[in-house]
Structures are given as structure tokens and as C-alpha cells.
Amino acid sequence: MADEQPTAQIIDGTAIAKAVRDEVSERIASLRARYPSFQSHLVIIQAGANPSSSIYVRMKLKAAQEAGIKTTHVQLEEGVSVDEVIKQVTLLNADETVSGILVQLPLGDHVSPEAERRVTEAISPEKDVDGFHAYNIGHLSSRASQPIFTPCTPDGVIRLIDSTGVPIAGAHAVVLGRSDIVGSPVAAMLRKRDATVTQCHSRTNNLQNHIHDADILVAAIGKPEFVKGEWIKPGAVVIDVGTNYIPDSTKKSGQRLVGDVDFASASKVAGHITPVPGGVGPMTVAILMFNTLRSAERLWEQQRNRKIVPLELNLLEKVPSDIEIAQAQTPKLITQLAEEIGVHPSELEPYGPYKAKVSLSILDRLASRKDGKYIIVSGITPTPLGEGKSTTTIGLSQALGAHLGKIAFACVRQPSQGPTFGIKGGAAGGGYSQVIPMEEFNLHLTGDIHAVTAANNLLGRFTLIAAALDARMFHEATTPNKSLYARLVPIKKGKREFAPLMLKRLKKLGIDKVDPDALTPEEANRFSRLDVDPETVTWNRVIDVNDRHLRKITVGQNPTEQGHTRRLGSISQLPVNDMRERLGNMVVATSKNGDPVTADDIGVGGALTVLMKDAIMPNLMQSLEGTPVFVHAGPFANIAHGNSSILADRVALKLAGTDEGDAPERQGYVLTEGGFGADMGLEKFCNIKCRVSGLTPDAAVIVATTRALKMHGGGPEVTPGKPLHEVYLREDLVILKDGCKNLRKHIINTKKFGLKVIIAVNRFASDTQAELELIKAEALAAGADAAVVSNHWAEGGAGAKALAEAVVALCEGPSNFKFLYDLNESIEAKITSISKNIYGADGIELSERAQKQIETYTRQGYSHLPICMAKTQYSFSHDAKLKGDPAGFIVPIREVRMSAGAGFFVTILGDVQTMPGLGTRPGFWEVDLDENGRIVGLF
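The following paragraphs examine the structure supplied in this document.

Bringing the overall build of the protein into the picture now. When its secondary structure is counted, the protein shows 32 helices and 39 strands. Of all intrachain contacts in the protein linking residues separated by at least 6 positions in sequence, the fraction that spans at least 24 positions is 73%. As presented, the protein carries roughly 39400 Å² of accessible surface, and 53% of it is formed by carbon and sulfur atoms.

The following block contains the structure:
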């Protein structure tokens, strides 16, 4: 009848859905404005090309793109197996860039409901933006918990009810339908909102009576216009979830979309009602967008939420041995530590429970992050016992991470077997400031040093490069030109072909030919003959122990070598800086014409890279208090640059860094260790490492001890294995003050690099308060920005808390870092600059050999490289006997070696040995396994 107009208020699902999508869009825009690297990413997997599914997929993709959500549509073939779908889902679960995963159902007639459930449950609950995973459905049904996601359509239903203003709590709600997608989840959500819920279905007795009692009716039964108006309680809220098509000749398609409720009659009785279309349908897509955003926000916060959970220390008044302390602590699982610092599972390669490789892909993922604060830890000129630089590095990181709640990383080098089994000991720190497990740290770890050895050692003590070089020299000396070329480029299957590296050599020689048969005899000879001058070979064999008998070796004694003998030296370790190019660019000798001969020239650059491919990744370990430590095999000797690796530092700086929009308190700290005194490790860190890395340090911590300062003030020699002289065990302010001139020189030197300087006075049990106060006063008078006594050896991070607070305070301002010399200066000028400005020398004296080497390197175009000075670590000068702050000396330059791959010159000063020797009683005497298989005697 004409007077029977609808009385119900129409619930405009289209308008409400638009408001939800607009909110999503605005939140994404706001987040991206604050955090440019923020990204919400929805992936939809579709099997086949079902027309209805394709419409839904296009609708979802369009809505996501309009909201600013990145989308990916994975289209699989019709009839694809369930296992293949699950494989795709598994890959997306592991992809940190993906916020939400949606598998468009149905997958096809060949997929049973049970198999379909396998697919939905393969999706990670944290990316299940459809809300279909059993985890989310289960938590939805429990009053004691909340799901990560609620299903989209049921969530939309609840929002539509809320839009009416009708209270859900206390209402009688009837849900018509029992599907896992709508009916059951809606019933669970209404119960959680304190409604009294009756869930019905097509076989429910007295169904009309149940419906008539409903204050809220949700119809999801899948039967067109099933619910009649006379069944509905006057004033009820009616939510029609049905999507049914009925014939309609007035429509172009011949059919019309209707719901499960007869809208014409129901709208005259209900208080509020949703139309079909334009009711629940738009809400489903809107909530999907909302869930995808929520997922992206949560994953974003998880990725940024770095919180280190400290391990407790059981401090004993009488400090046990290092190994006893280390073995008494139970480390946290390395996977847990990785999660705490923001390393994703896909970026971690565990080697057992307590150590792991970290993928360099993390640098790409965090490329937009601003680096954390960067602190170099060095020391004054040490005694042969060491002054606790590594211990301070670890103790300070424990203080920052476990006691100040900062994200703090220590980056240290793995020791070689030389120091481990020799006199000084390992490099894991000491006392209650150590890297654990310390036995693994000081021994094999993840095999990086073995990889370095493998890259050099082909058989026994013969290195790959040295063996290849010696073999090439032998064959060139014993083979005619034509035969030599024929052997280098042999006929295979009737054809000669150049290896890729050979093409690189041809290009270097200026020969623009790729056909081996096209070379002229002269070109073939130039290609074949490196013509190495045996006296210029710079590549030496490698061994990882202090073997004094390998300082000079003669090779080629066997009669088969036809008298081609050669003497060579040995170095203790190889620097591992960059990979392929640096390895290939290593200059191993000079030809008789004065041209450099590289590793690529003899064909081994690629093989070296293959052997080193895993060693290039830093190793993640932890301190005694559970703070992160990056350990990388690297140059340890005083003839190398003596620093932890650039890659470990870079990874740590990104993990400790901040995203745009972050508060300043999120800033983390990276402590990287420089070997020996600041005149060596720190100088090389600034002039070599920072040039290569492009990283700018914020401050320097210089470790000082009363023991070393008293030695520089005239105290007796400190000799490993012998009891300390009484002067080191009692108060002596006179000799201590005189020794502070060494500390003063280090402070002045460090200031030349524009760095803020914090003096860490590593406290010994015999130190008196007056001695400690004297060192602090002398340090501040010399220009140090802070001087703090630290007792981390006996107290762990708690003993370095004041030191950590000083570091935090001084790192607040900008860095004024600068280099000591210009790379464009001559080789001799750069050596002179270091000798005068850092060591305090009056000048340098070049040997005839050093002069000749400098001339050769300059002629070859390498004069732009920085300088790595190799000298004694026990004096500012080249002479270990010159203590304190010596003056009036000339630095003798015995030899200048080129490390073209590493990218610097190694300058040999005085009589420094490039292979240290073992003492009469090396440390390995004490090392063994006990009856339970535990390592004993390792410090």
C-alpha cells in the first residue's frame, strides 16, 4: 500500500566503509611523512581465473592502491596443487616486507575443505589479515584473549551495528548462520561485547520465534529473501550479510542481487537495516584494508622495538679465572638475542645455539636508517700484559646495554691462534666483562680464520696465491713462448677459449680481442708472460701461529723445481676487507719491466672469493650480560691496521640507528676496538679505516692503567711470566705523574683527529684512590673531555656505568672528525706526517730498499694509498726501549710493502718482526680437556 513507507533507518555501508578507508589512507600518509621507509604491503594469491574471484581480487587491489597500500598479485595456474600454494605462502611469511597475505578462495573444485584449511593455516597468524587462521579464530572465541586479526566481514558487521548507536551489551542477538567465515565469528564477537546470543541455522526449530525475539539480527544463511518482515521484532537492528542472485528480466544481466532478508517487508518493521548491495559488502574490503594497515604498523614497531634483556651476573668478591667466569654463565639463545636487536630470522645463520652469521642483506633493509653513535676504543702505550682494552670495550657495552637500557654493540676482532696459545692470551675480554662462549670465541668460532687460511693455503703451508705465483714463475722459466700460450689457452673440443679472467688481463694490456687465435705472436707473448721479478714478490705464505722459524723460508729445493728456489717471509694473518675486486687487485709481485702483477693476473681472484664468501659475514655473539657483540676475523698483528671489520661496524651502526621521526633516546651505540695503543690502532682507524668506510666516529675512549703509566714513568720492565715489581703494587705518585706524559701525548694526538676524548682508567685491585685521582686530573689537564675510573673487570657493566654515562653525554653533540694527512701527498710525506705528528719524531730515514720501493709504487700509480705503519707497540717510537713521550729520534723505514687489495702501504719501522715468536713457556702448556670434556687452562 502507498502509505506503508519504510520506517527503518538505512545503514549506509558504503559511506561507513569509505570513512574506514579514508582513515586508513590518512594514517598511512601520516606514518610515511614521519617515517619515509614505512610501507604497508598486501599480497593476494589467486589460483586460476575464476570470474567471481577475479572481480573480488580486482576490487581489493583497487581499494588497497587507493589507500596507499602496496599490492602484489600472485597469479597461480588453474589446478595448482595445495602444496605449491603453501610453498608460496611460506615464502611470503618469511618476507619482512609483506604486511598481509590473503589467499583468494575457492582454490578450485579439486581442493577439499580440509585442504583449503591447510592453506589458510599455513599463513602466519601475524599476516592473516583475512582472520581465518585457527589461531585467530580460536582467540576470537575466548573471553580471556584477543585475536591478532578478526575476520573482515564479521568485524564489518559489528561496526555497522555500532554505527546505529544501539547498545550491544545486554541485547538479545540472533545470528542466522553457522559458517566459519561469518556466522560463528559474529556470534563470538557479539558474546565478547556482552550480548546474549542465539545462533540459528536452517534446521533450527521454531526459527521464526527466535528471530522475532532478536534486538539484533544478523542474517548470513545464504538463502535469498528468506527472512520476512513479519518475523522481525519492531525496532530491531537488521544486518543482512547475504549475497544472492535472483532472476530479474528488467536487468541487463537478467538477474538481481538480493540479501537473505526480504528488504521490502523488513524495512517497514526494523529500526535499522542494511541494504543489499551497499551494506555489508563494502565493509569487508574496508576492514581488509584496516587489518593490512594494523599488520604493517605492528610489524613496523616489532622491527623497531629493540630491547635487550640482560643476563644477571653472580659477582664474587674473589674474581675467578676468566674461563671459570665464562663457563659459569648460561648464554641466551642467539636467536633470542637476534630478535632483541632487530635481526630477522632470514638474516641469521646460526652455528649452534650461541653464535651465528648475520647476513649483509641487513644493510639494504636498514639503508634508510641513520647510524648509531660510533666510538673507537683504544689505549695508551701498553705493557706486554695488555691494559684491558678489550675488557673495557665489553664492559662499557654491558654498562650501556644492561644498565642504561641503551642499544649497544661491541665490535671486536677474533684472535688468531698466535695470541690465544702464546703469551698475551685471547681477546674475549676478562673478568666479568667478556664475550661468551669465550672458548669458541678464542678458538674456531664459525671458521672465518680457517676460511682465510683456506684462501691462502692450497696444500700444507703452500698458499694458493704463492703456489700459483711460484708455479707461474716456474713454467715461464722452463717453457717456450708458443708452448706457454698453448698451455694457458688449450684447445678444447677443437676450439680455444679465454677464461673470463683472461679477458680482464687482455683489457688491462690494451688488447681488444676475444678470439685466442686472433692474437699476434707478440700479443700472445705479452699475455702469457708475467715476467715476475723474484726479488719483488710481496705475497707471502700464511700461518695462524707465532712460528719464528717461518720468518724466512726457502722454497723450491726439490730437484723437480730445476733449481728455481726463492726465499720469502710469512705473515700472521691476512686482512679481509672487501671481496672480489680487492682480492683480484692484490699485487703479488712486479714484472721485470716494472709492471704490477695481481692475483687476477695469475687467475686466482675468483677462487679466493669463493673461499671467502661466508667469512665476509660478521659473527653475532654476546657478552656475559647478554648484550650483543659482533666478532669478525681480521688483522690482529701490529703490522696490520689492527681494527675490527668495517662490515661488522656498519651492520651494528644500522641496528643501533634511528629511523626518521624517532626520538633521540632511541639512539644506540657502537664500540669498535682499535688494536694496541692509540698511536697504532686509533691512528690507523682514522687514517685508513674511516677513509674506506666513510664512517665518522663520534668519540674515542682511551684506556689507561696505573701499571702502564708507572712503566712509562721509569718503572722496571714488565715481563710476562714474571712477578710484577713492587712499584706496580704500591702507591707511587711521583713515578705515576711522570708516566702521565704518555697519556698526555695520546690525548693530544687523538684531538688532532677532531675527536672527543674520554679516558677510561681501568682499575686494578692494587690502585689507590690518590693514584686514580691523579690520573683523572692529569687527563683533564691534557685536554681530555672526560676521565672516569672503571671497575668493569671485577663488577661487569655495573662497574662501567659512570664511564657509559660519560660516553652518552659526550656523544650528544656533532663530530668534528678530520684526517691527519691528504692522500694526494707523496708516500714519503705521509710517512713523515705520521712519524712527526703522532710519534713525535724529528723525521724519517728511508733505507735504500724503501726508497726503491716507493719509487716503484709511485711509478705504478699507487702513491695515493694511505699508510699502515708497522712498529713496536711498546713505544711511540720504533724502539721499544723509548718509553713515555720520547723526542729527538729519527724513524728508520726499513721497508715499504704494498697491500693493493687492502688499499694501503705497510711501512716496516726499525727491527719490528712481522712474525712474532713464541716464548719459552707459551700459554698452550695450560690448555687441555678435563675428564668431562670441558676446556681448561684457557686463561
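There is more to say, and it comes next.
With that settled, the discussion passes to the packing of helix α24 (residues 646-655) against helix α25 (residues 678-693). Put simply, α24 and α25 touch, their axes get as near as 11 Å, and they point 60 degrees apart. When the interaxial angle is binned, α24 and α25 end up oblique. Like other packed secondary-structure pairs, α24 and α25 cross with a definite hand, here right-handed. Contacts between α24 and α25 involve Ile-646, Asp-649 and Arg-650 from the former and Lys-689, Val-692 and Ser-693 from the latter. For the contact of α24 with α25, the class distribution of residues is two nonpolar, one polar and three charged.

Pairing is parallel in the open sheet, where six strands are placed in the order β1-β11-β8-β7-β5-β6. Whereas interior strands pair on both sides, the edge strands pair on one side only; in this sheet they are β1 (9-10) and β6 (196-200). Here helix α6 (residues 152-164) sits on the sheet and contacts β7 (216-219), β8 (237-240) and β11 (272-273); the angle it forms with β8, its principal contact strand, is near 150 degrees.

What follows concerns the environment of Met-621. Turning to its location among the elements, Met-621 is positioned in strand β28 (residues 619-623). A relative accessible area of 0% means that Met-621 is categorised as buried. Along the sequence, Met-621 and Ala-338 sit 283 residues apart, while their C-alpha atoms lie 9.4 Å from each other.

By size, the foremost hydrophobic cluster in this structure holds 84 residues, and its most contacted members are Phe-630 and Ile-759. Take this core: its biggest share by element is six residues, from α24. Sequence-distant contacts of Ile-759, that is, excluding residues within four places in its chain, are made with Ile-702, Ala-704, Leu-743, Ile-747, Ala-779, Ala-784, Ala-786, Ala-787 and Val-788. Counting residues in each nonpolar core, the second largest holds 55 residues, with Tyr-35, Ile-158, Ala-220 and Leu-293 among its members.

Here we take up a nonpolar patch on the surface. Among the surface-exposed residues, Leu-385, Leu-724 and Leu-729 lie close enough to one another that they form a single nonpolar patch of about 230 Å² accessible area. Inspection of the secondary structure assignment puts Leu-724 in the loop between α26 (706-712) and α27 (733-751). On the basis of relative accessible area, Leu-724 is assigned to the partly exposed category, the value being 30%.

Now for the pattern of salt bridges. Any two side chains of opposite charge can pair, so long as their charged atoms come close to each other. Under the definition given, this model contains 40 salt bridges. Between Arg-496 and Asp-517 there is a salt bridge; the shortest N-O distance is 3.5 Å. Of this pair, Arg-496 sits in strand β21 (residues 495-496) while Asp-517 sits in the loop between α20 (500-508) and α21 (521-528), and the two are 21 residues apart along the sequence. According to the relative accessible area criterion, Asp-517 is exposed, its value standing at 55%. The residue Asp-662 makes a salt bridge to Arg-666 at a minimum N-O spacing of 3.3 Å. A residue is classified by how much of its surface remains accessible, and Asp-662, at 14% relative accessible area, is buried. The exposure class of Arg-666 is partly exposed, given its relative accessible area of 23%. Through salt bridges with shared partners, one network takes in Glu-301, Arg-304, Arg-369, Asp-659, Asp-662 and Arg-666.

What follows is about the packing of aromatic side chains. Evaluation of the coordinates by the stated rule reveals nine aromatic pairs. Ring centres of Phe-38 and Trp-300 lie 5.8 Å apart, and the angle between their planes is 90 degrees; this geometry places the pair in the edge-to-face category. With a gap of 262 residues between them, Phe-38 in the loop between α1 (13-34) and β2 (41-47) and Trp-300 in helix α10 (residues 280-304) connect regions that are remote in the sequence. The pair formed by Phe-38 and Trp-300 is uniform in burial state, with each residue classed as buried. Here Tyr-374 and Phe-685 contribute two aromatic rings whose centre-to-centre distance is 5.6 Å and whose plane-to-plane angle is 55 degrees, an arrangement assigned as tilted.

Judged by pairing direction, the sheet is mixed, and its four strands sit side by side in the order β34-β36-β37-β35 without closing on themselves. Of all strands in the sheet, those bounded by a partner on one side alone are β34 (843-846) and β35 (867-870). The average undirected angle you get between the axes of adjacent strands in this sheet is 40 degrees. Alignment of strand β36 (residues 890-899) against strand β37 (residues 904-909), held across six bridges, turns out to be antiparallel. Bridging across to β37, Met-898 finds its partner in Phe-905. Contacting β34, β35, β36 and β37, helix α31 (residues 827-839) runs over the sheet at an angle of about 55 degrees to β35.

Okay, the environment of Val-718 next. The residue Val-718 is located in the loop between α26 and α27 in this model. When the C-alpha atoms of Val-718 and Tyr-728 are compared, they prove to be 9.4 Å apart, with ten residues separating the residues in sequence. Contacts of Val-718, omitting those with residues within four sequence positions, involve Thr-383, Pro-384, Leu-385, Met-711, Leu-724 and Tyr-728.

α10 packs onto α1 with a crossing angle of 20 degrees between their chain directions and a minimal axis gap of 8 Å. On the basis of their axis angle, the class for α1 and α10 is roughly parallel. Handedness of the crossing formed by α1 with α10: left-handed. When α1 is examined against α10, the residues Gly-13, Thr-14, Ile-16, Ala-17, Val-20, Arg-21, Glu-23, Val-24, Arg-27, Ile-28 and Leu-31 are found in contact with a partner set consisting of Pro-282, Met-283, Ala-286, Ile-287, Met-289, Phe-290, Leu-293 and Glu-297. For the contact of α1 with α10, the class distribution of residues is 13 nonpolar, two polar and four charged.

Turning our eyes to something else, we now look at the side chain of Glu-523. Tracing the backbone through its elements, the reader meets Glu-523 in helix α21. Residue Glu-523 is classed as buried on the basis of its relative accessible area, which comes to 15%. Polar side-chain contacts of Glu-523 include one of 3.0 Å to the backbone nitrogen of Thr-520.

A separate point is unusual backbone geometry. Here the amide bond leading from Leu-105 into Pro-106 is cis, since omega sits at 0 degrees, within 30 degrees of zero. Checked against the element boundaries, Pro-106 lands in the loop between β4 (100-103) and α4 (113-122). With omega at -10 degrees, the peptide bond leading from Ile-436 into Pro-437 counts as cis. If you check the backbone angles, Lys-493 has positive phi at about 55 degrees while not being a glycine. Considering the arrangement of structural elements, one finds Lys-493 in the loop between β20 (491-492) and β21.

On to the side chain of Asp-260. Along the chain, Asp-260 turns up in the loop between β10 (255-258) and α9 (263-266). Here the side chain of Asp-260 touches Gly-222 through a polar contact of 2.9 Å, landing on its backbone nitrogen. Beyond its immediate sequence surroundings of up to four residues, Asp-260 is in contact with Ala-219, Ala-220, Ile-221, Gly-222, Lys-223, Pro-224, Glu-225, Phe-226, Val-227, Asp-240, Gly-242 and Asn-244.

As a further point, take the pairing of strand β9 (residues 244-247). Consecutive side chains of a regular strand alternate in pointing toward one face of the sheet and then the other. Only one face of β9 is covered, namely the one carrying Asn-244 and Ile-246; the face carrying Tyr-245 and Pro-247 has none of its residues buried. Of the strand pairs in this sheet, β9 and β10 are connected by four bridges, and their pairing is antiparallel. Within the sheet, the bridge partner assigned to Pro-247 lies in β10 and is Gln-255.

Moving on, we get to the pairing of β28. With respect to burial, β28 is a largely interior element, five of its five residues being buried. As judged from the two bridges shared by strand β13 (residues 356-358) and β28, these two strands associate in the antiparallel manner. The residue of β28 that forms the bridge with Lys-357 is Asn-619. Direction of pairing for strand β17 (residues 433-436) relative to β28: antiparallel, over a ladder of two bridges.

Our focus in this paragraph is helix α32 (residues 848-859). Spacing of three or four residues puts side chains on the same side of an α-helix, whose turn is 3.6 residues. In this model α32 runs 17 Å from its N-terminal to its C-terminal C-alpha over twelve residues, within 8% of the 16 Å that 1.5 Å per residue would give. Regarding α32, the residues found buried are Ala-850, Gln-853, Ile-854, Thr-856 and Tyr-857. Along α32, the residues classed as buried sweep out an arc of 165 degrees about the axis, all on the same side. In α32, those exposed residues whose orientation departs by more than 90 degrees from the buried face are Glu-848, Lys-852, Glu-855 and Arg-859.

Criteria and thresholds
Residues numbered from 1 in each chain as written. Predicted model: local features only at pLDDT ≥ 70, side-chain atom pairs only at ≥ 80, totals over all residues. Heavy atoms only, no water. Helix = DSSP H or I, 4+ residues; strand = E, 2+ residues; numbered from the N terminus. Contact = heavy atoms within 4.5 Å. Areas by Shrake-Rupley, 256 points an atom, 1.4 Å probe, with all protein chains shown as cover. Axes fitted to C-alpha atoms, helices over the stretch in contact; angles between N-to-C directions. Parallel < 35°, antiparallel > 145°, perpendicular 65-115°, else oblique. Left-handed = near helix turned anticlockwise from the far one by under 90°. Nonpolar A, V, L, I, M, F, W, Y, C, P; charged D, E, K, R; others polar. Pairing = 2+ DSSP bridges. Buried < 20%, exposed > 50% of the residue type's maximum accessible area, 1.4 Å probe, protein only. Core = buried A, V, L, I, M, F, W, Y, C linked by side-chain atoms within 4.5 Å. Patch = residues over 30% accessible without salt bridge, like charges linked within 9 Å, V, L, I, M, F, W, Y side chains within 5 Å. Salt bridge = Lys/Arg side-chain N within 4 Å of Asp/Glu carboxyl O. Phe/Tyr/Trp six-rings, centres within 6.5 Å; stacked < 30°, edge-to-face > 60°. Polar contact = N/O pair within 3.5 Å; in protein donor to acceptor, adjacent residues only side chain to side chain. Expected span 1.5 Å × (residues − 1). Arc of directions from axis to C-beta.

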